[in-house]
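Structure at a glance
Now for the letters of each chain:
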There are 2 protein chains.
Amino acid sequence: MNLKDLEYVKAIAHFKHFRKAADACYVSQPTLSGQVKKLEQELGVTLFDRSTKQVTLTVQGERLLTQIKVILEQTQILKELAATSSAPLQGRVKIGIIPTIAPYLLPTLLTSMKEAFAESQFAFVEMQTANILTALDNGELDIAILADVPELKLYHTVNIYKEDFLVAMSNQNNLAKRDKVALDELQSCSLLMLSDGHCFKDQAQQFCFAAGVDVSNEYQGNSLETLLALVAMDDGVTFVPKLACSERIGIRYLPIFPTQQRRVVLACRKHYPHLAGIELLANWLSEHPSLRQQLTKVLN
Amino acid sequence: MNLKDLEYVKAIAHFKHFRKAADACYVSQPTLSGQVKKLEQELGVTLFDRSTKQVTLTVQGERLLTQIKVILEQTQILKELAATSSAPLQGRVKIGIIPTIAPYLLPTLLTSMKEAFAESQFAFVEMQTANILTALDNGELDIAILADVPELKLYHTVNIYKEDFLVAMSNQNNLAKRDKVALDELQSCSLLMLSDGHCFKDQAQQFCFAAGVDVSNEYQGNSLETLLALVAMDDGVTFVPKLACSERIGIRYLPIFPTQQRRVVLACRKHYPHLAGIELLANWLSEHPSLRQQLTKVLN
DNA sequence: TTAATATGATAGTTATTATCTATTAGTTGT
DNA sequence: ACAACTAATAGATAATAACTATCATATTAA
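**Remarks on the overall build of chain A**
Looking only at helices and strands, chain A has 10 helices and 12 strands in total. Overall, the C-alpha framework of chain A stretches about 105 × 30 × 25 Å when taken along its three principal axes. Counting every atom, chain A has about 14300 Å² of accessible surface; 52% of that belongs to carbon and sulfur.

**Thoughts on the interface of chain B and chain A**
Residue-level contacts link 45 residues of chain B with 44 residues of chain A. Here chain B packs against chain A, burying approximately 3700 Å² in sum over the two surfaces, 64% of which is carbon and sulfur. Contact with chain A buries surface across chain B, with Met-1, Gln-60 and Leu-78 of chain B losing the most and accounting together for 16% of the total. Between the two partners, chain B and chain A, sit 2 salt bridges. Put simply, chain B and chain A have 4 residue pairs in polar contact (both at pLDDT 80 or more) between them.

**Concerning the packing of aromatic side chains**
Residue and element names in this part refer to chain A. Within this structure, the stated rule accounts for 14 aromatic pairs over all chains. Considering the side-chain rings of Phe-122 and Phe-124, the 6.2 Å spacing of their centres and the 35 degrees angle between planes classify their relative orientation as tilted. Taking relative accessible area as the criterion, Phe-124 reaches 24% and is therefore assigned partly exposed. On the basis of an interplanar angle of 75 degrees and a centroid distance of 5.0 Å, the ring pair of Phe-207 and Phe-239 is categorised as edge-to-face. Of this pair, Phe-207 sits in helix α7 (residues 199-210) while Phe-239 sits in strand β10 (residues 237-241), and the two are 32 residues apart along the sequence. No difference in accessibility class separates Phe-207 from Phe-239, as the two residues are buried.

**Quick word on the protein's contact with DNA strand C**
Neighbouring DNA strand C are 19 residues; His-17, Ser-33 and Arg-50 of chain A together with Ser-28 and Thr-31 of chain B lie closest to it. The separation between a phosphate oxygen of DNA strand C and a polar main-chain atom of Arg-19 of chain A is 3.4 Å. Arg-50 of chain A is positioned with one of its side-chain polar atoms (N or O) 2.4 Å from a phosphate oxygen of DNA strand C. The set of elements that each furnish at least two residues to the surface near DNA strand C consists of α2 (18-24) and α3 (29-43) of chain A together with α1 (3-15) and α3 (29-43) of chain B.

Reading guide: rules and limits
Residues numbered from 1 in each chain as written. Chains lettered and ligands numbered in written order. Predicted model: local features only at pLDDT ≥ 70, side-chain atom pairs only at ≥ 80, totals over all residues. Heavy atoms only, no water. Helix = DSSP H or I, 4+ residues; strand = E, 2+ residues; numbered from the N terminus. Areas by Shrake-Rupley, 256 points an atom, 1.4 Å probe, with all protein chains shown as cover. Contact = heavy atoms within 4.5 Å. Buried area = accessible area lost by both parts, 1.4 Å probe. Salt bridge = Lys/Arg side-chain N within 4 Å of Asp/Glu carboxyl O. Polar contact = N/O pair within 3.5 Å; in protein donor to acceptor, adjacent residues only side chain to side chain. Phe/Tyr/Trp six-rings, centres within 6.5 Å; stacked < 30°, edge-to-face > 60°. Buried < 20%, exposed > 50% of the residue type's maximum accessible area, 1.4 Å probe, protein only. Near = heavy atom within 4 Å.

The structure is reproduced here in structure tokens:
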């Protein structure tokens, strides 16, 4: 059975005239006749009485027409449902976000983001990179916001922003008067690091190693905030991504040279159904004024 | 959009597996993939998330699946309606029947006829032939039971039975002792006839004319019963179809020679939708025992 | 009645599209 | 790394919906 054929029947019943119905359905009259005949054979019921002057429905035809109309109405509803739900990222969207981004990105963006994507119900979960990736695989997460790592080759990613790393040190530190600092100048200071699993730690450790700078592992903080508290007490220095560099009493942020950066991306499964929505969201994020402002602000 | 495609979607949602769904739908997996993809494009909605280990419905897919199931259910109902209403002569059937048949055929058959065609609601209307034919044209009647006449060439007809004409006369009539009578022997009697419009009158008049017998038109009865009442009072003789020859006080029925007959047929429009039902009904009628018995009973 | 008009059915052909088989790309599990 | 599995793709074929042209029949008008 075919929905088109049901439309034909409805049209003939309405016009009581094959040619007029055919015109209304944008097909030729023989097509209409043929298809209706086929449907009648399939149903085993003669729907129309073509023998009287006017084409009329048979008794059975009348009964079946009611049901045919029901089907066509429900089909129309399906189409309308589809049309209204075709907005990108419709419905619940679970987003994983790493701990070195979440607290600095979300507060400023969350409200306007909810407004901009009103059809979506975002749920954010703070997780470390490795967990995020398996959660993406399982479908527990739809999207992730995290720093670019080689593993992301297996996923679909869109850039959101690049951010510099700075060194955070106490005002008392003898480097604090400088306006920038070279990596190897940090050799003398004790470098505070995040605990294992934070991709930020891996990356910092990596470029320290490349610059031949030793890293003391005597203390590993669970969050940047903890580390910064230690830094404020002049217990060491640490690296901080630019977004996290809000004014803090007793702390000075210095640019590093050569510049160290990380790329923050939006990631999802390679064949995530709503890639278009992902692009849209990433674009919206990357162009958000308050984000741009935070990334470019001059630190005193 | 296509109902088959909706079936495919339902199957995939059920099995969460394209190949299994394809098997269940008796098509190949590529066919399934292709058709679902086409449907997704048509609706502008991605129904399935094929990127996770298990195929799952997207949020929109879940919403639409509910509606898809509604459509398929309603389609099933349509099929069932068609199947149950495919019995021949389903519903109201209006039957026209001529006055020289109705009172003799219906009483014996009506009850068992209703039983045999339980799905039909028969409505009988007693009409003369000419009116019956126009009523068939207008769709006011579906079927007619009447004596065969040339005009029926334009209609679809099926034989029900042939019946002899007999002469009804008073016991007092001087021909009443005979066991049969020749047409021209009636010349002496006054021949009572039905009024104009009765095909039975036309036919009787016709074969009287052919036999060179004069017909007095001094009295035209409106029904056979009236004529027979006159006959009983020996006011004349009349022709009676065999079926009407029930035992009546003071009346004797005699066969005519050469035998005169009429053919009683079931008629409908040439393209009446339920010709199969017509055949069935005609067949049932012609084989009905009490009809056969009435047609062959020996009159004393 | 004959001619003109209208209507749905039929025949034959073409275009469309649903389906198939074979293969590929990408995953998963051993 | 390799075998097994799954969905997507490519290309060919079969099914069928569609068209044009024509017919049969019925209705209307001259």
